[in-house]
Amino acid sequence: MGIKNKAINKVIIITGASSGIGRSLLFEAIKKNNYVAICSKTKENLSKLLEDLEKVGFNKNIYYEVLDVSNKASVNQFIKNVYSKFNKIDILINNAGISMNASFLDLDLKVIEQLMNVNFLGSIYFTKFALPYIINSKGTIVFISSIAASVPLPLRTGYCASKAAINAFANSLRLELKRYGVKVLLVMPGYTRSNIRFSALTQDGTPNMKTDKNEEKLMSPDIVAKKTFDAIEKNKRTLILTTEGILAYNFYKIIPSLLDKILIKKNE
């Protein structure tokens, strides 16, 4: 296909940039001499990130705010602030997200509501308010979704639902925006090394504080970030990541009942 749209000297917004895939996306964006606007809900995490950026000399050309992505008014003002500072917005990467680890039977419904507010509505708010500027620059909107949008996972009902909603929205939005020259990229990673399992919500909404995976053997978020930017530059519409994720995605299409049995047994 060839590179058609180099992600260099662009104004890029990255949500949930203080850790995991978001942090790696930020560093990859800066390496390419872009101007980056980031947000994080936690002031402490954002402060630590800014310290790390300063240590490596990457603290220039960055705009940041402490922000709850599920707060519609705050998101609207953030987008206005970014445009006021940089005079354009080229790329929006909707990355902020949380997970869960609890049976739906025992679950407090506030957990599902929080997952949908952050994972789905947060992406909707950013996309809605940034869209006029991205149309003007004929830019790109990226949604960091998950294989869980297409492959069911026990104890992750709300997470799977929120990611499936993102997939449906992104794929439909792509059709609407084609006339404006705006690209929509849907990224679906499999298990990736991050703190998302540690911060996953339990049945009462408290953090899980542990992981059921060998984190060191999972895909590095740096690889996810590099492949995401490569997909942006090549104007791809979908990016599916990790060998396990690709196998599960295709396997579930062909023999869903067998994969159901495997997933149930794996979580017993």
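Residues numbered from 1 in each chain as written. Predicted model: local features only at pLDDT ≥ 70, side-chain atom pairs only at ≥ 80, totals over all residues. Heavy atoms only, no water.

Chemist: Describe the layout of surface pockets, listing the residues and the values that go with them.
Modeler: Its volume calculated, the largest pocket comes out at about 1300 Å³. Only α1 (20-31), β2 (35-40), α4 (109-137), α5 (157-177), α7 (243-254) and α8 (256-266) provide two or more residues apiece to the lining of the largest pocket. Grouping the amino acids of the lining of the largest pocket by side-chain chemistry returns 22 nonpolar, 21 polar and 7 charged. Every residue lining the second largest pocket is listed: R174, L175, K178, G181, V182, K183, V184, N235, K236 and R237. When contributions to the lining of the second largest pocket are tallied by element, the ones reaching two or more residues are α5 and β6 (183-188). (1 Å grid on protein atoms, 1.4 Å probe; cavity = no way out; pocket = protein on both sides within 12 Å on 5 of 7 lines; lining within 4 Å. Points joined across faces, edges and corners; volume = space filled by probe spheres on them. Helix = DSSP H or I, 4+ residues; strand = E, 2+ residues; numbered from the N terminus. Nonpolar A, V, L, I, M, F, W, Y, C, P; charged D, E, K, R; others polar.)

Chemist: Quick one: what's the story with the packing of aromatic side chains, residue by residue and with numbers?
Modeler: For any pair of aromatic rings, the description rests on two quantities: the centre-to-centre distance and the angle between the ring planes. Applying the stated criterion across every chain yields a total of 6 aromatic pairs. Here the aromatic rings of F78 and F126 are separated by 5.8 Å at their centres, their planes lie at 65 degrees, and the arrangement is edge-to-face. Note that F78 is positioned in helix α3 (residues 72-86) and F126 in helix α4, a separation of 48 residues in sequence. For the residue pair F78 and F126, the accessibility class agrees, reading buried in each case. Ring centres of F143 and F169 lie 5.9 Å apart, and the angle between their planes is 80 degrees; on these two criteria the pair is classed as edge-to-face. Taken together, the residues span a long stretch of sequence, with F143 in strand β5 (residues 140-144) and F169 in helix α5 at a distance of 26 residues. A relative accessible area of 25% places F169 in the partly exposed class. (Phe/Tyr/Trp six-rings, centres within 6.5 Å; stacked < 30°, edge-to-face > 60°. Buried < 20%, exposed > 50% of the residue type's maximum accessible area, 1.4 Å probe, protein only.)

Chemist: Before we move on, can you summarise helix α6 (residues 221-233) with the specific residues and values?
Modeler: For α6, with 13 residues, the first-to-last C-alpha span of 18 Å sits near the 18 Å given by 1.5 Å per residue. Within α6, burial applies to P221, V224, A225, T228, F229, A231, I232 and E233. Those residues of α6 hidden inside the fold are in contact with β1 (11-15), α1, β4 (91-94), β5, β6 and β7 (238-240). Its side-chain oxygen placed 3.1 Å from the backbone nitrogen of D222, S220 serves as the N-cap of α6. Within two residues after α6, N235 carries a phi angle of roughly 55 degrees, on the positive side. (Expected span 1.5 Å × (residues − 1). Contact = heavy atoms within 4.5 Å. Polar contact = N/O pair within 3.5 Å; in protein donor to acceptor, adjacent residues only side chain to side chain.)

Chemist: I'd like a rundown of the sheet that holds β4, residues and numbers included.
Modeler: Spatially, 7 strands are ordered β3-β2-β1-β4-β5-β6-β7 in an open sheet, and the strand pairing comes out parallel. The outermost strands of the open sheet, each flanked by one partner alone, are β3 (62-66) and β7. Sheet twist, expressed as the average angle between the axes of neighbouring strands with direction ignored, equals 15 degrees. The pairing of β5 with β6 spans 5 bridges and is classified as parallel. Its bridge partner lying in β6, F143 is registered against L186. Lying on the sheet, α3 is in contact with β1, β2 and β3; it crosses β3 at an angle near 160 degrees. Contacts between α5 and the sheet are confined to β5, β6 and β7, with β6 contributing the most and set at about 160 degrees to the helix. (Pairing = 2+ DSSP bridges. Axes fitted to C-alpha atoms, helices over the stretch in contact; angles between N-to-C directions.)

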